[in-house]
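Read off the chains here:
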Amino acid sequence: MEKRTDKNSYTIIFAIGMVLVVGSLLAYASSSLKDRITTNRELEMQQNILYAMGVNENDDSNAIFVSTQEAPKLFSEYITEQLVIQGDNVTEDNKAYLIDVKKEQTRAKAGEERRLPLFIGEKEGQTFYIVPIRGKGLWDAIWAYVALDDNLVVQGVFFDHKGETAGLGANINKRFFMDDFIGEDLMHDGKFKGIAVAKGNADPLNIDKTDNEVDAIAGATITGDGVSAMLKSELKLYVPYFKNLKNN
Amino acid sequence: MGLLSKKDAKLIIDPLADDNPITIQVLGICSALAITAELKASLVMAISVIFVLGMGNVVISLMRNIIPSKIRIIVQLIVVATLVIIVDLVLKAFAYELSKTLSVFVGLIITNCIIMGRFEAFALGNGPWRSFLDGIGNALGYGVILIIVGFFRELLGSGTLFGFPVLGDPIAKTGLYSTGYENNGFMIMPPMALIVVGIIIWVQRSRNKALIED
């Protein structure tokens, strides 16, 4: 005897019913939690930007952000200007930290002029220029906030990723990797060169700051290459701004 | 175990050793290779799978009499994906830091074949309580192997455990490194996970000859 659940009509009705139930459940969960998630993301961006310019609560070996309660206050305290660079135009925009770098990259591909956000921070008399960038790792997106001085020397950096391999590529957001970038020069003999994540540069303590190289993570070759490519192609776009800065 | 009958206790204990999902059933190898370079990642993955498999088995078991057999695999996949996505959304809203740590594992959990395997082999034919125990037992068995592999890979590959240096500093040559010992970089690569799992299987089968197939 055929079971009730084996009938084609039952199967189709079950499938339709399940899609409706699961679909509305997910839609409800997503829309009711949306506001909280957006707030969390915005706070995270502020924490990331502050981290890059050295406003953080790092202990001996771990990267620790300022608390989410304090982030908005510290952000308005340390970040003095938020700029949007579009070609030769530089405009001030106090919501520039909300610019989605991914969307801007898509716009650039479509032939439109890309908006480049830049944050200027002041800490203990020093000026930091913080740039958000985005690229591709092994599995998914990787991104970074790079704090520079006006000579394009890295003052601090925060890397993060969406889904790199835990224990390997995912380690780009660990101190032992990020701290290597501090002091590295993006320029070489007056030309923009970027910073390469290099295997076998025989400098595990990263003492040489003028070689445009930092030590790679073993087992994370493609993530490392993604970091090099991202730093090169994205930071290059900001070079004209820094040239103008020097000329004025 | 006074709380559980002998038959129920078997559901938890068997997968820990003689019916282990990784070493005996050879399921879930993909994630066991991918994320065991660090002990911490192994532990997080183990806890996540315990949660998802326990919950998923109960849901599938409750639905077992209404799921049409022709599309049961799709239904199983949707149940596990929905569970994981809802948990991910809730964590993003209320425990953002934790959700960032876990985001790497979401895809690996949904596609973990132990989960599909237990739905198909157990939850479709048993009641919710027994399915729950079976889910917890199998996830624990999976987790134990993950932690053993993660322990050896992190210790021999990076000289650390949970990120803490236990063998000294490899660059400054202190501790064990002063004797000329070096970290084995190959341990960090996925092939070594396969070899470590192979060694565990070897040890297990040489101790219990009944497990050897012809």
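Calculation rules
- Residue positions are counted from 1 within each chain, in the order its sequence is given.
- Just so you know, chain letters begin at A and ligand numbers begin at 1, following the order they were written in.
- The predicted origin of the model limits local features to residues at a pLDDT of at least 70 and limits the giving and counting of side-chain atom pairs to 80 or more, whereas totals for whole chains, interfaces and linings rest on all residues.
- Just so you know, side-chain values use all the structure's heavy atoms and leave hydrogens and water out.
- For helices, the fitted line uses only the C-alpha atoms of the stretch in contact; every axis is such a line through C-alpha atoms, and the angle between N-to-C directions lies from 0 to 180 degrees.
- A run of H or I in DSSP counts as a helix once it spans at least four residues, and a run of E counts as a strand once it spans at least two, with each numbered from the N terminus.
- Roughly parallel means an angle under 35 degrees; roughly antiparallel means over 145; roughly perpendicular covers 65 to 115; every other angle is labelled oblique.
- Less than a right angle of anticlockwise turn of the near helix away from the far helix marks a crossing as left-handed, whereas a clockwise turn marks it as right-handed.
- Any two residues whose heavy atoms approach within 4.5 Å at even a single point are treated as in contact.
- Under the scheme applied, nonpolar residues are Ala, Val, Leu, Ile, Met, Phe, Trp, Tyr, Cys and Pro; charged residues are Asp, Glu, Lys and Arg; polar residues are all the others, including Gly.
- Throughout, buried area stands for the accessible area (probe radius 1.4 Å) lost by two parts on being put together, summed over both.
- Whenever a carboxyl oxygen of Asp or Glu lies within 4 Å of a side-chain nitrogen of Lys or Arg, that contact is scored as a salt bridge.
- We call two N or O atoms a polar contact when they sit within 3.5 Å, provided that within protein one can donate a hydrogen and the other can accept it, with sequence-adjacent residues counted only if both atoms are side-chain atoms.
- The cut-offs for exposure are 20% and 50% of the maximum accessible area for each residue type, with area from a 1.4 Å probe on protein chains only; residues under the lower value are buried, those over the upper are exposed, and the others partly exposed.
- By this definition, two strands are paired if DSSP reports at least two bridges between them.
- UniProt positions are given in the numbering used here, feature names are shortened, and annotations may be inferred rather than shown by experiment.
- Across the chain, each position has a pLDDT score giving the predictor's confidence in that residue, from 0 to 100.

Moving on, we get to the packing of helix α4 (residues 72–94) of chain B against helix α6 (residues 113–121) of chain B. All names here are of chain B. Orientation of α4 relative to α6, taken along the N-to-C sense of each, is 130 degrees, at an axis distance of 10 Å. When the interaxial angle is binned, α4 and α6 end up oblique. Two packed elements cross with a definite hand, and for α4 against α6 that hand is right-handed. The segment α4 lies against α6, with Arg72, Ile73, Gln76, Leu77 and Val80 engaging Ile115, Met116, Phe119 and Glu120. Residue classes in the contact of α4 with α6 are distributed as 6 nonpolar, 1 polar and 2 charged.

On the chain A side, the residues contacting the 32 residues of chain B number 36 residues. Here chain B meets chain A over a buried area of about 2800 Å², counting both sides, of which 70% is carbon and sulfur. The interface formed by chain B and chain A holds 2 salt bridges in total. Of the charged contacts in the structure, one is a salt bridge between Lys100 of chain B and Glu44 of chain A, with a shortest N-O distance of 2.9 Å. Our enumeration of links across chain B and chain A arrives at 8 residue pairs in polar contact (both at pLDDT 80 or more). A per-element tally of the side of chain B that touches chain A places α4 of chain B first, with 10 residues. Grouping the constituent residues of the side of chain B that touches chain A by class yields 23 nonpolar, 4 polar and 5 charged.

The next thing to look at is the environment of Met230 of chain A. Residues and elements named next belong to chain A. Examined against the element boundaries, Met230 turns out to sit in helix α5 (residues 221–235). Taking relative accessible area as the criterion, Met230 reaches 2% and is therefore assigned buried. Between the alpha carbons of Met230 and Asp35 there is a distance of 30 Å; along the sequence they are 195 residues apart.

All right, on to the pairing of strand β1 (residues 79–86) of chain A then. Residue and element names in this part refer to chain A. Relative to strand β3 (residues 116–123), β1 runs antiparallel, the two being bridged by 6 bridges. In the sheet register, Val84 faces β3, and the bridge partner there is Pro117. Relative to strand β2 (residues 89–92), β1 runs antiparallel, the two being bridged by 4 bridges. Looking at β2, one finds that Gln86 is bridged to Asn89. The antiparallel pairing of β1 with β2 creates a hairpin that spans 2 residues between the two strands, and Gly87 there sits at a positive phi of about 65 degrees.

With numbering matched to this structure, UniProt assigns "transmembrane region" (unreviewed entry) to residues 12–31 of chain A. The span residues 12–31 of chain A carries 100% helix and 0% strand; its end-to-end C-alpha distance comes to 28 Å.

The next thing to look at is the confidence of the model for chain A. With 99% of its residues at a pLDDT of 70 or more, chain A has an overall mean of 89. Looking across chain A, the model is least confident in helix α6 (residues 239–247) of chain A, with a mean pLDDT of 86, and most confident in strand β5 (residues 141–148) of chain A, with 94.

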